[in-house]
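Now for the letters of each chain:
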Amino acid sequence: QLQASGGGLVQAGESLRLSCAASGSTFSSYDMGWFRQAPGKVREFVAAINWSGGRTYYRDSVKGRFTISRDNAKNTVYLQMNSLKPEDTAVYYCAAKHTTRVLSITGYEYWGQGTLVTVSS
């Protein structure tokens, strides 16, 4: 089970940190990802991190502004979002998949409930 938190209303240029807590004892067996869905749009990939935290991948529009990280001891993955823009407004979801050799943006098996991020201009 995945539980996302940390969303809220911020102004453009501000920061937020999302957290996603996972239940179970095998968190380190999973690659983790963050996705988002803006109103009226399809869900899109934001960032991914492999089981160890040694590899990450971002969509181009968030590179340099967002950082994904994880703490396997706490069964938690984070998304630090800086320099937020109105176009970042969306419901953000965390997701998990069994780790594979190549860090992927598809094939996520488990999804948490979303947390809403609203960025005002």
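In what follows, the structure referred to is the one given above.
Everything quoted here is computed from the prediction, not taken from an experiment.

Here the focus is the nonpolar core. Formed by 29 residues in total, the largest nonpolar core has its most connected members in Met 32, Trp 34, Leu 79, Met 81 and Tyr 92. For this core, the secondary-structure elements that each account for two or more residues are strand E1 (2–5), strand E3 (16–22), strand E4 (30–37), strand E5 (44–49), strand E7 (66–71), strand E8 (76–81), strand E9 (90–98) and strand E11 (115–120). Residue contacts for Tyr 92: discarding those within four places in its chain leaves Leu 18, Trp 34, Phe 35, Arg 36, Val 46, Phe 66, Leu 79, Met 81, Gln 113, Gly 114, Thr 115 and Val 117. Of all hydrophobic cores here, the second largest spans 6 residues; its members include Phe 45, Ala 48, Ala 95 and Leu 103.

Glancing now at the sheet that holds E1. Spatial strand order, E1-E3-E8-E7: 4 strands in an open sheet with antiparallel pairing. Here the strands that pair on one side only, and so sit at the sheet edges, are E1 and E7. Across the sheet, the axes of successive neighbouring strands diverge by a mean angle of 15°, strand direction being ignored.

This brings us to the packing of aromatic side chains. Enumeration over the complete set of coordinates arrives at 6 aromatic pairs. Between Phe 35 and Phe 45, the aromatic rings sit 5.7 Å apart at their centres with planes inclined by 75°, giving edge-to-face as the arrangement. Of the two residues, Phe 35 is situated in strand E4 and Phe 45 in strand E5; the sequence distance between them amounts to 10 residues. Aromatic ring contacts, followed pair by pair, group Phe 35, Phe 45, Tyr 57, Tyr 108 and Trp 111 into a single cluster. For Arg 43, the ring lying beneath its charged end belongs to Tyr 93, and the centroid distance is 5.7 Å. The ring of Trp 111 has Arg 43 sitting right over it, with the charged end atom 3.8 Å from the ring centre.

Assignment of secondary structure puts Tyr 93 in strand E9. By relative accessible area, Tyr 93 is classed as buried at 18%. In contact with Tyr 93, other than residues within four places in its own chain, are Gly 33, Trp 34, Phe 35, Gln 37, Arg 43, Trp 111, Gly 112, Gln 113 and Gly 114.

Criteria and thresholds
Residues numbered from 1 in each chain as written. Predicted model: local features only at pLDDT ≥ 70, side-chain atom pairs only at ≥ 80, totals over all residues. Heavy atoms only, no water. Core = buried A, V, L, I, M, F, W, Y, C linked by side-chain atoms within 4.5 Å. Buried < 20%, exposed > 50% of the residue type's maximum accessible area, 1.4 Å probe, protein only. Helix = DSSP H or I, 4+ residues; strand = E, 2+ residues; numbered from the N terminus. Contact = heavy atoms within 4.5 Å. Pairing = 2+ DSSP bridges. Axes fitted to C-alpha atoms, helices over the stretch in contact; angles between N-to-C directions. Phe/Tyr/Trp six-rings, centres within 6.5 Å; stacked < 30°, edge-to-face > 60°. Lys NZ or Arg CZ within 6 Å of the ring centre and 35° of its normal.

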